[in-house]
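What follows is each chain in one-letter form.
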Amino acid sequence: MATPLIEFDNVTKRFGEKTVLDKINLKIYENQITTIIGKSGTGKSVLLKHIIGLIKQDEGTILFQGKPVDTMKKSEWKACRSQIAFLFQNNALLDSMTVFDNVAFPLRQTTSLSRDEIKKRVLQRIEDLELTEAIHKFPSELSGGMQKRVALARALVTDPKIVLFDEPTTGQDPIRKNMILSMITHYRRKFGFTAVMISHDIPDVFFISDRIIILWEGAVGFEGTYEEAVKKKLPLIDEFLRSLEGFEDELTSLLSREAFRMHYSAMLGGSSTAAAVSAALFSIRLNLVNEALGSQAALEVLRALGKYTNKRFRPIGGFSARHSRDEILTIFPHTSIDEARQLVAGFAQELKCEALDRVQGIAIARIGKETSFDIHIRAGVTSVSSTDAINQIMDKARVDQEIIVTHRCGSGGNEQ
């Protein structure tokens, strides 16, 4: 594998007699999203501050692109540091400055851009984060959630190569949380930066993370992909994942993936294994007008899809979870594939008549009545064998997916 962009080699940090980081070893690779999770007090924020140089380790070595920071000349470290942006947990906004001036501050301090170019970049980021109405306000006049979005706009305004996010979605409602996570993903793809993020928003962060690092009692308990974490049989991994079983998907109110997995395992282990079992995989696709609209509209549709999935299928024993950013899998115990197809057909009619109207208002507010785009909801139905893993069920259902609802936003919002 390539040389890590950032590497910790036996890094230890103490505050008085308390050891917060205890011989930490980890690797962060370029152009990935790495998310650090763990219980409160495990040193997640302390670790992040070591990367940016706000804190110096007591023991061990921190390397950038294979070179120890401690051996760098001052000019070398300054060059590395200039490529890093940090989104603080407490936002660290300047109370005496407006939203515009807070977002512009890094450009004014670290670049020689013209006033017009700075204004252009700042206005773009303010629009991206839906802060236009607050542009002339001061931090004290904003809600906690809006302050977080101002801090995110400021972190992204310099187009950094490395962005450190300390709880970027704290204080946000489910839609805003998912919009911010979607925006992080979008900007990482667009600008190619490396993201290192601390987050408690489970399971949402799993959908965007290339790698996760679990901190456990001051050490790295696991480092790798989410799928690898699930497969591990280490006691600390099992304990951590059990702690997530009570989490539901906050955006959709569906089961978390871990709770879904437990339901599925329990179903296969019982007497129902000989009975018919079917599944449906729902997914969302948009013909996007612009990135901002597409992000919010898709999340509104996903929220509505989750709500009506629960309403329609939970009373008959179905259980559902979001397994990727825009896919929901539902299992139908004691249901033949023909019965499942009838359930999905009725579900499509309910979505068409009730659930998608709210998206029309978003479209009109964002792009006007004269512009339109289409939302397509697809579904694939498949039978389930007692030997099928969840990913196999999803693969089978994808093969037979077809559009069950098309909703046009803007220009009248007609449905088919």
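Just above sits the structure.
In this report, the structure presented in the accompanying data block is examined. (Residues numbered from 1 in each chain as written. Predicted model: local features only at pLDDT ≥ 70, side-chain atom pairs only at ≥ 80, totals over all residues. Heavy atoms only, no water.)

## Observations regarding the nonpolar core
In terms of nonpolar packing, the biggest core is built from 45 residues, with Val-103, Val-122, Ile-126, Phe-165, Ile-184 and Met-197 touching the most fellow members. For this core, the element with the most residues is helix α5 (residues 144–156), which contributes 7 residues. Core analysis: the next-biggest nonpolar cluster, separate from the first, contains 29 residues, Val-20, Leu-48, Val-196 and Ile-213 among them. (Core = buried A, V, L, I, M, F, W, Y, C linked by side-chain atoms within 4.5 Å. Buried < 20%, exposed > 50% of the residue type's maximum accessible area, 1.4 Å probe, protein only. Helix = DSSP H or I, 4+ residues; strand = E, 2+ residues; numbered from the N terminus.)

## Structural notes on the environment of Thr-19
By secondary structure assignment, the location of Thr-19 is in strand β2 (residues 18–28). Taking C-alpha positions, Thr-19 is 9.6 Å from Glu-217, a pair spaced 198 residues apart along the chain. Beyond its immediate sequence surroundings of up to four residues, Thr-19 is in contact with Thr-12, Lys-13 and Arg-14. (Contact = heavy atoms within 4.5 Å.)

## Concerning the pattern of salt bridges
Opposite charge on two side chains allows them to pair when their charged atoms are near. Evaluated as defined, the whole model comprises 15 salt bridges. Here Arg-108 ties to Asp-101 by a salt bridge, and the two come within 2.9 Å at their closest N and O atoms. For Asp-101, a relative accessible area of 24% corresponds to the partly exposed category. One connected set of salt bridges, linked through shared partners, spans Arg-125, Asp-128 and Asp-159. (Salt bridge = Lys/Arg side-chain N within 4 Å of Asp/Glu carboxyl O.)

## Thoughts on the packing of helix α3 (residues 99–110) against α5
Packing of α3 against α5 brings their axes to within 7 Å, and their N-to-C directions diverge by 30 degrees. Here α5 runs roughly parallel to α3, going by the angle between their axes. Considering the relative orientation of α3 and α5, their crossing is right-handed. The residues of α5 that touch α3, namely those facing Val-99, Asn-102, Val-103 and Pro-106, are Val-150, Ala-153 and Arg-154. Its residues placed into classes, the contact of α3 with α5 shows 5 nonpolar, 1 polar and 1 charged. (Axes fitted to C-alpha atoms, helices over the stretch in contact; angles between N-to-C directions. Parallel < 35°, antiparallel > 145°, perpendicular 65-115°, else oblique. Left-handed = near helix turned anticlockwise from the far one by under 90°. Nonpolar A, V, L, I, M, F, W, Y, C, P; charged D, E, K, R; others polar.)

## Examining the sheet that holds strand β1 (residues 6–15)
The strands making up a sheet associate through backbone hydrogen bonding, with each pair oriented either parallel or antiparallel. The strand order β2-β1-β4-β5 describes an open sheet built from 4 strands, whose pairing is antiparallel. Every interior strand has two partners, whereas the edge strands, β2 and β5 (67–68), have only one. Where β1 meets β2, 7 bridges bridge the pair, whose relative direction is antiparallel. In the sheet register, Arg-14 faces β2, and the bridge partner there is Thr-19. Helix α1 (residues 44–52) rests against β1, β2 and β4 (59–64) of the sheet, and its axis sits at about 120 degrees to β1. (Pairing = 2+ DSSP bridges.)

## Description of α1
The buried count for α1 comes to 7 of 9 residues, which makes it a mostly enclosed element. Taken from the residues just after α1, Gly-53 is the one with a positive phi, measuring 90 degrees.

## Remarks on the packing of aromatic side chains
In the structure shown here, the tally under the stated rule is 7 aromatic pairs. Ring plane angle 70 degrees and centroid distance 5.6 Å describe the contact between Phe-64 and Trp-77, whose orientation is recorded as edge-to-face. One end of the pair, Phe-64, is in strand β4; the other, Trp-77, is in helix α2 (residues 74–81), and 13 residues separate them in sequence. On the basis of an interplanar angle of 55 degrees and a centroid distance of 5.2 Å, the ring pair of Phe-260 and Phe-319 is categorised as tilted. (Phe/Tyr/Trp six-rings, centres within 6.5 Å; stacked < 30°, edge-to-face > 60°.)

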